[in-house]
Amino acid sequence: MTQRTLATFMLALGLATLAGCASPSVITLNDGREIQAVDAPKYDKESGFYEFEQLDGKHTRINKDQIRTVKEL
């Protein structure tokens, strides 16, 4: 196995591992809007907000009282 082939294999393995860690989610708000997140939102108990990254890379915070459901895709 050449060094280049080994490097390509390791890169592919690393990307597959990272892709397996992400669990995209759909957040449904009380008004019916749906927001897609790259990963499951994290809840900050001190502030009462869910924090997540949208598919376009925008970091967002939403008050827990505005969220109806959070579902993993």
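You'll find the structure just up there.
Residues numbered from 1 in each chain as written. Predicted model: local features only at pLDDT ≥ 70, side-chain atom pairs only at ≥ 80, totals over all residues. Heavy atoms only, no water.

Undergrad: So what's going on with the overall build of the protein chain? Which residues, and what values?
TA: Helices and strands together make up the secondary structure of the protein chain, namely one helix and six strands. Along the chain direction, N to C, the helices and strands of the protein chain fall in the order α-β-β-β-β-β-β. When the 73 residues of the protein chain are sorted by exposure, 21% land in the buried category. Pairs at least 24 residues apart make up 31% of the contacts formed inside the protein chain by residues separated by at least 6 positions. Split by element, the accessible area of the protein chain, about 5700 Å² in all, is 56% carbon and sulfur. (Helix = DSSP H or I, 4+ residues; strand = E, 2+ residues; numbered from the N terminus. Buried < 20%, exposed > 50% of the residue type's maximum accessible area, 1.4 Å probe, protein only. Contact = heavy atoms within 4.5 Å. Areas by Shrake-Rupley, 256 points an atom, 1.4 Å probe, with all protein chains shown as cover.)

Undergrad: Describe in detail the pattern of salt bridges, supporting the description with residues and values.
TA: A side chain of one charge can pair with a side chain of the opposite charge when the charged atoms of the two come close. The tally for this structure, following the rule as stated, stands at three salt bridges. Put simply, R33 and D31 hold a salt bridge, and the shortest N to O gap is 2.9 Å. R61 is the salt-bridge partner of E51, the closest N and O atoms lying 3.7 Å from each other. Separated by ten residues along the polypeptide, E51 in strand 4 (residues 49-53) and R61 in strand 5 (residues 59-63) bring together distant segments of the chain. On the basis of relative accessible area, R61 is assigned to the partly exposed category, the value being 47%. (Salt bridge = Lys/Arg side-chain N within 4 Å of Asp/Glu carboxyl O.)

Undergrad: Provide a residue-level description of the pairing of strand 2 (residues 34-37), including the pertinent values.
TA: Burial of strand 2 is one-sided: the residues I35 and A37 facing one way are buried, the residues E34 and Q36 facing the other way are not. Where strand 1 (residues 25-29) lies against strand 2, four bridges are found, and the strand directions are antiparallel. Its bridge partner lying in strand 2, S25 is registered against A37. From the end of strand 1 to the start of strand 2, which pair antiparallel, there are four residues, and G32 there has a positive phi angle of about 95 degrees. (Pairing = 2+ DSSP bridges.)

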